[in-house]
Amino acid sequence: MSLKKEDVLRDMQKCFFNLKTVEDKKEETITERERVDSIDIRCTEYPELKEDFRQIVKAGWLEKTPPKGGRIYQRRWVQLDSEYLRYFQSIKEVYSKRMVSLGSVFKVVSVGDVRFELHSQSRTFLFRAENTQERDDWVSCIEKILSDRKHSLEPRNLFFKNGSVSVSFEGYLEMLSPRTKVYTLINRDKLFLFKSHEEYFQGMGITDIDMRMANVRDGENKRSFTLTTPYRAFSFMVDSESEKQRWCESLTECVSRSLSCDGVCESVWRVQANRICADCSSSMPEWASVNLCVLLCEKCAGAHRNLGQNISKVRSLKLDERVWTDDLIRVFLMLGNGKANKFWGANIPPSERLSASANSEQRLKHITDKYKNGKYRKYHKLFGQQEALNNALCLAMQSADLLETLTLLNCGADAACYTRIPEFPTPLSLAKRYSQTVQAELLTQYITSEPITTEVKDADIQSQCGYLFKTASSARPITEHKPKADFSQRWCCLGDGMFSYYRNEQSHHKNGGMKISEIICLSVNSPGKHGYEHTFELYSEEGRVYLFGTDDGSIAKNWIRAVTMAVLPPALFEVCGTCDRLGRLRCTEASHGIGWFCLSGFKLHVLLEDTVQTIDLRKLLRLKFSNTGGAIVLVWRGGPLHLQADRRPHFVGWQTCIQQKSGAGNERLSQQQLTDLGIPVTIDRCLDHITRYGLLSPGIYRLSGINSHVTKLLDKFQNNARTVTWCESEYSVHDVANTLKRFLREVKGGVFNGQENNASWLRVAGLEDGCEKIQRYQILLSNLPDINREALKVLIHHLVCVQNLSNENQMTIRNLGIVFGPTLFQTDGKDTTASQVVEELIQNYCSIFKVSESDLEKQLNMMSVILDKHKSQTLIRTPSSTICGVYLEKKEEGAEVLLQVAADMTVLKLVSVVLELKGIQQVNEECWSCFEVLEKEDMERRLHYQERVLPVYFSLSNDCHLLVKKNHSIIRIMRYLENKVNLSKSGPLRVCEVKSESSKNFHTRHCDLSAETFRLHKELLGSQVEKEYPVKEIKLYHGCRSKLHPPTPWGLTLIHDKQQWYLCCENEEELIEWTATFYSIQCNGDIWPSW
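An unreviewed UniProt entry lists the protein under the name Arf-GAP with Rho-GAP domain, ANK repeat and PH domain-containing protein 1, with Danio rerio given as the organism.

Structure below.
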């Protein structure tokens, strides 16, 4: 019996398997049928606007089925005009997948609720709309066009409209990408592609190509040729060379005919951006600057003439017909105002835009700044690297990228540079070799004009001449000591854009030199590094190093200042003056890829665009050197800076200097890594940990930690303090306390900055007059370096807090003096004077450090209240309660509030206690919330008012903190939700998921947020869901990591498990709507108490 059951089950399995196989084959057949029915001609470049000059009757998304009864609907962008119905892969594509002549259609029929059929002579097309109204609109539009066509009694060509048939050449061609055979014909100014000759007669085609924007050139072999357009290149192959020649001649004739049949105005105006003036946006410009590649109105053309023919060659579209060759017209069709202004006007502030009503003086100033001075242009990423610019220009001559060529030429590339190809030595000959006739035309127009200046220099730069000693130039960094014997005396001159040197003052023949624009770095060496006391190095564009020296400090100073003035942009020189090292580096954050940098002491002055930013390298949040390419990443409060690796010798010096100036653990306090408030990181981290977990620990600072733990932790701090983190279980509070003491005892110079200063402080302790003693302490404190003074202040403030809890931790003022006297003064402890000084600093903290007694008293009273309330409890951190530090409004000195947090304390109670302790009364219109702030990530999360505080507090890393501040958005969120019935939200957002270092871009994606899940779709308009997460398992943060360069300031970060998604909204209102929906779903509508 059991065997029969097994046989039955086996037969059923076979049956199901056969059914599945049949279904799979059906699906494969349908997919293959769609592939065969149409050709996917994707664009490689897309128009900025939909530059379609057909009279579109209707356009929109429809779903269609494949031919021959397929049942899988596919979403297509459909366009209807008076002659054809076309459908495209997507809305941005230029070339259709199919085009159906309405001359071959005899009826359109509604089917069911949302579908309609298009009946042609040979087949039926089935489409599905989103709703009945949309379907009826499509049917109505098509019926009207078909009705108009029926009134014509003339015999019809099913594909072309009556009177529009003018086929000049036709035949089969083999398309190389995608690989297929197509029937091709030239009709008037277009090239049409068909699957076959039969389909042409049936009224069905694939796509049409506008020949007015095309160019014909030879292919890779003798039987192939390529038709290039601004959007993609079409490669074809024929059976013989003679057939290829006939096709090329016919296509070239079609291009010329299509350009000449229209006037020049009508031709160039076909591009939407060319219909407005490039400078003032007046409509239908009839003038052009043929070398700057922009179309102009009459008033702006007058301003351009004032620049001179060598800057802007102005020509009329109507009067100068002989100038407008086919290739020049194509330059303006393929480039024109839209793309040209991406270079010339990339950085025009809204306040400086030129209006159509501007007067002649305003026009001339704006146009001079824009074109002659290059004030608003977007610099090429290779700007300042002459050889790289020339190489890039040679590569551009082999492609159809006109914007790249325009940018390179006007950023310093030499239009007559040597290509290193003897047969084609110039870029112009190279363009002609590769049949890039449009590139050749653009280059020709540029060559006959004066290159736009690539840099604006201070006209008042003084010349400098005098004797210096120099060594032979080198291709490597100069690291070894150079004795005087290696130097030779040379007469050096700086002026007229050159740095030159001669054998002597009377010599007229230069021994060598370089252009000022070719100096990429100046480095000033420390005195005594080489044989001559004062030396400096110049690094050239070509990668050479020049070492100059003198024993006269004033001469060296004058030369360094003169070179600095000549090399640096004025904006940067005014900020930093002379410095240790300066020059330009490739920087990702710079608008044109090149930034100017000036290192003076620990300050790095950076000029990326128009403003100078100053970075204290000791206060960096992060410093990373790439192990492979040597790139440098600096993260500071203003965001990240990515300095790209460079093989030339100057970059090694930058790496070394930045590393040295970023702070070292074995140097004086002023040379340590610092926090934003100027406190050494080692001191700050240790004090923060002890304040959190050790204030109530008996014998804190007196009990010893584990010596191996102390040594290990101190080594970490000395190696790189800003990267040190640890968990509570790894080191006890006594380990951390002893690490701090050892650091203070061993740091060079100590807190009081040297033995002489130590003696001065100790002498004051012997004074009998208390007022005089405090006054002397104040004077000594003011004489300390800033870093030492701030470090001493936070240390004594901490000790005041410790002694205030001495009933619990047994650390009285005397005990603290015994411990910290020898530590701070770095003595053996035999002399008790050091302990006396520390005791007096603690006792007179407010007077000596000029701190408000009321503020200090509030904080100390708060601690006393906590102790009185929990006198019977152990106040060391336990799972049930702890002392927590919370900041009020912003993280800064004096803003931290310490309070006892019980296990059941909610966020609402926490906010109430903090405001009460600070004496702040809430008014009706104010809403205060507590936020979890991630400092390095530039993000914050609003904690729900019923959320428990301790679990959040225990999960905080060293770079996170709790912040109580006003919640300005909660009222807008509640008002948005007042009338919402359906809690859902969907729409496009800019999304970034960081999967690797190379994938950090934001892409527009469709997002859905429902009552249960958050869905992220793979494409903007696609239905396929890529990611789906339960809403209540997502953590929602406001803000995005700054190093990702979010495209808008209205960012959200979603964290689920270990995965992070960064979302950017288009405006603040959209941000409020998404945030409100998230909050409401996650909290079941209970967002705010008693609303």
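Back to the write-up after that little detour.
Participant: I'd like a rundown of the overall build of the protein, residues and numbers included.
Facilitator: Assigned secondary structure in the protein consists of 31 helices and 44 strands. In the protein, which comprises 1091 residues, the share counted as buried stands at 51%. In the protein, the proportion of contacts linking residues at least 24 apart, taken out of those at least 6 apart, comes to 58%. By element, 47% of the accessible surface of the protein is carried by carbon and sulfur atoms, the whole surface being about 51,900 Å².

Participant: Tell me about the pattern of salt bridges, and please be specific about residues and values.
Facilitator: On inspection of all chains with the given rule, the structure shows 38 salt bridges. For the salt bridge of E134 with K58, the shortest nitrogen-to-oxygen distance reads 3.6 Å. Separated by 76 residues along the polypeptide, E134 in helix α2 (residues 132-150) and K58 in strand β1 (residues 58-64) bring together distant segments of the chain. For K58, a relative accessible area of 15% corresponds to the buried category. Through salt bridges with shared partners, one network takes in E541, R584, R586, D646 and R648.

Participant: I'd like a rundown of the pairing of strand β3 (residues 84-88), residues and numbers included.
Facilitator: Summarising burial for β3: 5 of the 5 residues are buried, a large majority. Residue alternation in β3 divides its side chains into two sets, Y84, R86 and F88 and L85 and Y87, and both sets are buried. Bridge analysis of strand β2 (residues 74-80) against β3 gives 4 bridges, and the strand direction is antiparallel. When the sheet's bridge partners are listed, Q79 is paired in β3 with R86. The hairpin formed by β2 and β3 contains 3 residues between the paired strands. Sheet topology note: the β3/strand β4 (residues 98-101) ladder contains 4 bridges and is antiparallel. The residue of β4 that forms the bridge with R86 is M99.

Participant: Give me the packing of aromatic side chains: which residues, what numbers.
Facilitator: If you walk through the whole model with that rule in mind, you get 37 aromatic pairs. When the ring of F752 is compared with that of W761, the centres are 4.8 Å apart and the planes differ by 50°; the resulting orientation is tilted. The class of W761 is buried, set by a relative accessible area of 1%. Taken together, the ring pairs connect Y84, F159, F160, Y172, Y183, F192, F194, Y200 and F201 into an aromatic cluster. Here R618 stacks its cationic end above the ring of F602, 4.4 Å away from the centre of that ring.

Participant: Lay out a nonpolar patch on the surface in plain terms, naming residues and giving numbers.
Facilitator: Side chains of I91, L1020 and L1021 sit close together on the surface and give an oily, nonpolar patch of about 220 Å² of accessible area. Within the secondary structure, L1020 sits in the loop between β40 (1013-1017) and β41 (1025-1030).

Participant: With reference to specific residues and values, describe the sheet that holds strand β12 (residues 207-210).
Facilitator: Read across the sheet, 7 strands follow the order β12-β10-β9-β8-β15-β14-β13 without closing on themselves; strand pairing throughout is antiparallel. The sheet is open, and its two edges are formed by β12 and β13 (215-218), each paired on a single side. For this sheet the average axis-to-axis angle between neighbouring strands, irrespective of direction, equals 35°. Strand direction decides the pairing type here: strand β9 (residues 179-187) and strand β10 (residues 190-194), joined by 5 bridges, are antiparallel. Its bridge partner lying in β10, L185 is registered against F192.

Participant: Break down the pairing of strand β8 (residues 167-176) for me, with residues and values.
Facilitator: In this structure, β8 lies alongside β9, joined through 9 bridges in antiparallel fashion. Paired with E170 across the two strands is L185, which belongs to β9. Adjacent in sequence and paired antiparallel, β8 and β9 are bridged by 2 residues. Pairing between β8 and strand β15 (residues 233-237): 2 bridges, direction antiparallel. Note that in β15 the partner of E174 across the bridge is M237.

Participant: Could you give me a rundown of the side chain of E935, with the residues and numbers involved?
Facilitator: With respect to the element layout, E935 can be found in the loop between β35 (928-934) and β36 (939-942). What makes E935 buried here is its relative accessible area of 14%. Here the side chain of E935 touches K891 through a polar contact of 2.9 Å, side chain to side chain. In terms of polar contacts, E935 uses its side chain to reach the side chain of H961, at 2.9 Å. The residues contacting E935, other than those within four sequence positions of it, are R637, K891, D959, C960 and H961.

Participant: Break down the packing of helix α22 (residues 786-804) against helix α24 (residues 813-825) for me, with residues and values.
Facilitator: Relative placement of two packed helices is described by the angle separating their axes and the distance separating the axes. Between α22 and α24, the shortest axis-to-axis distance is 10 Å and the interhelical angle comes to 155°. As the angle between them shows, α22 and α24 are arranged roughly antiparallel. Helix-helix and strand crossings are classified by hand; for α22 and α24 the assignment is right-handed. Contact residues: α22 offers L792, L795, L799, V802 and Q803, while α24 offers I813, L816, F820 and L824. When grouped by side-chain class, the residues that make up the contact of α22 with α24 number 8 nonpolar, 1 polar and no charged.

Participant: I'd love a proper account of the confidence of the model for the protein, names of residues and values included.
Facilitator: Per-residue confidence for the protein gives a mean pLDDT of 84, with 89% of residues at or over 70. Ignoring residues within four places in sequence, the model shows residues 19-35, a span with pLDDT below 50, making 15 contacts including any to other chains. Across residues 450-462, where pLDDT falls below 50, the model places 29 contacts with residues more than four positions away in sequence or in other chains.

Participant: Hey, could you go over the side chain of Q464 for me, with residue numbers and the actual values?
Facilitator: Mapped onto the fold, Q464 is located in strand β19 (residues 464-470). Looking at Q464, the relative accessible area reads 19%, which means it is buried. When sequence neighbours within four positions are dropped, the list of residues in contact with Q464 reads C492, C493, L494, N558, W559 and A562.

Participant: Account for the environment of L677, with residues named and values stated.
Facilitator: Among the structural elements, L677 can be located in the loop between α16 (649-661) and α17 (681-693). Given the relative accessible area of 48%, L677 is considered partly exposed. Ignoring any residue separated from it by four or fewer positions in sequence, one finds L677 in contact with E892 and E893.

Participant: Got a sec to walk through the nonpolar core? Specific residues and values, please.
Facilitator: If you look at the biggest cluster of nonpolar residues, it comprises 75 residues, and the most contacted ones within it are L227, F236, L317 and W324. By residue number, the principal contributor to this core is helix α7 (residues 326-334), which donates 6 residues. In contact with W324, other than residues within four places in its own chain, are V264, A288, V290, S316, L317, I329 and F332. If you look at the next biggest cluster of nonpolar residues, it comprises 67 residues, including C686, L713, Y845 and L860.

Participant: Lay out the environment of R315 in plain terms, naming residues and giving numbers.
Facilitator: When you line up the elements, R315 lands in strand β18 (residues 314-316). For R315, the residues in contact, after removing those within four places along its chain, are W287, A288, V290, Q309, D320 and V323.

Participant: Go over unusual backbone geometry with me, naming the residues and quoting the values.
Facilitator: For the bond running from S177 to P178, omega is 0°, close enough to zero to count as cis. Of note, P178 is situated in the loop between β8 and β9. The residue Y701 is not glycine, and still its phi comes out positive at about 80°. With respect to the helices, strands and loops of the structure, Y701 is situated in the loop between α17 and α18 (707-720). A relative accessible area of 0% places Y701 in the buried class.

Participant: Explain helix α11 (residues 402-409) to me, using residue names and the numbers behind them.
Facilitator: Every α-helical turn comprises 3.6 residues, leaving residues that sit three or four positions apart pointing alike. Within α11, 6 of the 8 residues are buried, leaving the element largely enclosed by the surrounding structure. Buried residues of α11: L402, T405, L406, T407, L408 and L409, and no others. On its buried face, α11 sits against α7, α8 (336-344), α10 (386-396) and α13 (437-447). Capping the start of α11 is the job of one residue whose side-chain oxygen sits 3.4 Å from the backbone nitrogen of L403: D401.

Reading guide: rules and limits
- Each chain has its residues counted from 1, following the order in which its sequence is written.
- Totals for whole chains, interfaces and linings use all residues, but because this is a predicted model, local features are given only for residues with pLDDT of at least 70 and pairs of side-chain atoms are given and counted only at 80 or more.
- The basis for every side-chain value is the complete set of heavy atoms in the structure, and neither hydrogens nor water enter the calculation.
- Only runs of H or I of at least four residues qualify as helices and only runs of E of at least two qualify as strands under DSSP, and these elements are numbered from the N terminus.
- Only protein chains enter the accessibility calculation, which uses a 1.4 Å probe; a residue whose area is less than 20% of its type maximum is buried, one above 50% is exposed, and one in between is partly exposed.
- Residue contacts follow a heavy-atom distance rule, with two residues in contact if any of their heavy atoms lie within 4.5 Å.
- Residue exposure ignores everything except the shown protein chains as possible cover, and the areas themselves are Shrake-Rupley values with a 1.4 Å probe.
- We define a salt bridge as a side-chain nitrogen of Lys or Arg found within 4 Å of a carboxyl oxygen belonging to Asp or Glu.
- Strand pairing is assigned whenever DSSP detects at least two bridges linking the two strands.
- Only the six-membered ring of Trp is used, alongside the rings of Phe and Tyr, when aromatic pairs are assigned; centres must lie within 6.5 Å, and planes under 30 degrees apart are stacked while those over 60 apart are edge-to-face, with the rest tilted.
- Any Lys NZ or Arg CZ found within 6 Å of a ring centre and within 35 degrees of that ring's normal is scored as a charge over the ring.
- Exposure above 30% relative accessible area and the absence of a salt bridge qualify a residue for a patch, where like charges join within 9 Å and nonpolar side chains (Val, Leu, Ile, Met, Phe, Trp, Tyr) within 5 Å.
- To get an axis, a line is fitted to the C-alpha atoms, and for a helix only the part in contact is used. The angle between two axes follows their N-to-C directions and goes from 0 to 180 degrees.
- A 3.5 Å cut-off defines polar contacts: any pair of N or O atoms within that distance qualifies, except that in protein one atom must be a possible hydrogen donor and the other a possible acceptor, and neighbouring residues in sequence count only when both atoms are side-chain atoms.
- Each angle gets one of four labels, with under 35 degrees taken as roughly parallel, over 145 as roughly antiparallel, 65 to 115 as roughly perpendicular, and the rest as oblique.
- Note on convention: near helix rotated counterclockwise from far helix by under a right angle means a left-handed crossing. Clockwise means right-handed.
- Here the nonpolar group is Ala, Val, Leu, Ile, Met, Phe, Trp, Tyr, Cys and Pro; Asp, Glu, Lys and Arg are the charged ones; every other residue, Gly included, is treated as polar.
- Per-residue confidence from the predictor is reported as pLDDT, a score between 0 and 100.
- In this text, buried Ala, Val, Leu, Ile, Met, Phe, Trp, Tyr and Cys residues form a nonpolar core when linked through side-chain atoms within 4.5 Å.

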